[in-house]
Amino acid sequence: MKTQVIILVALLFAGVSNIKAEKEEISKETATTLTTSISGTITDAATGENLVGVKVVLEELNTVVYTDFDGNFEFTDVSQGNYTVSTDYVSYKTDDSVSVDTKKANCLNIKLEADL
């Protein structure tokens, strides 16, 4: 009987350490695949009006989106990291100086200046 209890306790400890190892492995896997979104609004620097149809590029991923009727844009399922966001819009200066670190912030308010 004593031998059976010892075997049972040993199996219990083995099961607990196996569960802990599996949890650690899942945590490591999740940490490397975390995604987020980068979004924002683009407005005219002088008037504050929202700009519709601005081409917004996430340079490192070569991904393009366009602003909606309210000047909003969003990149989804972006891996955490540092990215450069650039814009292109007719009659406005190209802006490629916006840098975003998704671990700190992911909401941008970009003001474009008219190119006269």
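None of the values given here were measured: they were computed from a predicted structure.

A.B. asks: Is there a simple way to explain the overall build of the protein in this structure?
C.D. replies: Counting its regular elements, the protein contains 1 helix and 7 strands. If you list the helices and strands of the protein from N to C, you get α-β-β-β-β-β-β-β. Buried positions account for 28% of the 116 residues belonging to the protein. Of the roughly 8200 Å² of accessible surface on the protein, a fraction of 54% belongs to carbon and sulfur atoms.

A.B. asks: Looking at this structure, I do not really get the sheet that holds strand E1 (residues 35–44). What am I missing?
C.D. replies: Strand pairing in a sheet is mediated by backbone hydrogen bonds. Such pairs are either parallel or antiparallel. With respect to topology, 3 strands assemble into an open sheet ordered E4-E1-E7, the strand pairing being mixed. Of all strands in the sheet, those with a lone pairing partner are strand E4 (72–79) and strand E7 (107–112), marking the two edges. Looking at each pair of strands side by side, their axes are set apart by 25° on average, direction ignored. Strand direction decides the pairing type here: E1 and E7, joined by 6 bridges, are parallel. What sits directly across from Gly40, in E7, is Leu108.

A.B. asks: I tried to follow the pattern of salt bridges on my own but got confused; where do I start?
C.D. replies: All told, the structure shown has 1 salt bridge when counted by the stated rule. For the salt bridge of Glu113 with Lys93, the shortest nitrogen-to-oxygen distance reads 3.6 Å. With Glu113 in the segment after E7 and Lys93 in the loop between strand E5 (82–88) and strand E6 (95–101), this residue pair connects regions lying 20 residues apart in the sequence. Exposure remark for Lys93: the relative accessible area of 42% places this residue in the partly exposed category.

A.B. asks: Is there a simple way to think about the side chain of Thr87 in this case?
C.D. replies: Residue placement: Thr87 occurs in strand E5. Its relative accessible area of 2% is what places Thr87 among the buried residues. Not counting the four nearest positions on each side in its chain, Thr87 is found in contact with Ile42, Val54, Lys55, Val56, Thr94, Asp95, Ile110 and Leu112.

A.B. asks: What's the story with the pairing of strand E3 (residues 63–66) in this structure? I'm lost.
C.D. replies: Within a regular beta strand, the side chains point alternately toward one face of the sheet and then the other, so they alternate between its two faces. Across 4 bridges, the pairing between strand E2 (residues 55–58) and E3 is antiparallel. Note on E3: the bridge partner recorded for Lys55 is Tyr66. Turn length for the E2-E3 hairpin, with the two strands adjacent in sequence and antiparallel, is 4 residues, and the turn residue Asn62 shows positive phi of about 50°.

A.B. asks: Sorry if this is basic, but what is going on with the side chain of Asp44 here?
C.D. replies: Structurally, Asp44 is set in strand E1. Here Asp44 is buried and forms no salt bridge, its nearest opposite-charge partner Lys111 lying at an N-O distance of 9.7 Å. In this structure the side chain of Asp44 is engaged in a polar contact, spanning 2.9 Å, whose partner is the backbone nitrogen of Thr47. Look past the residues within four positions of Asp44 in its chain and what remains in contact with it is Glu49, Leu51, Tyr92 and Leu112.

A.B. asks: When you look at unusual backbone geometry in this model, what are you seeing that I'm missing?
C.D. replies: Unlike most non-glycine residues, Asp77 shows phi in positive territory, near 55°. Of note, Asp77 is situated in strand E4.

Thresholds, definitions, all that
- Residues numbered from 1 in each chain as written.
- Predicted model: local features only at pLDDT ≥ 70, side-chain atom pairs only at ≥ 80, totals over all residues.
- Heavy atoms only, no water.
- Helix = DSSP H or I, 4+ residues; strand = E, 2+ residues; numbered from the N terminus.
- Buried < 20%, exposed > 50% of the residue type's maximum accessible area, 1.4 Å probe, protein only.
- Areas by Shrake-Rupley, 256 points an atom, 1.4 Å probe, with all protein chains shown as cover.
- Pairing = 2+ DSSP bridges.
- Axes fitted to C-alpha atoms, helices over the stretch in contact; angles between N-to-C directions.
- Salt bridge = Lys/Arg side-chain N within 4 Å of Asp/Glu carboxyl O.
- Contact = heavy atoms within 4.5 Å.
- Lys, Arg positive; Asp, Glu negative; His and termini not counted.
- Polar contact = N/O pair within 3.5 Å; in protein donor to acceptor, adjacent residues only side chain to side chain.

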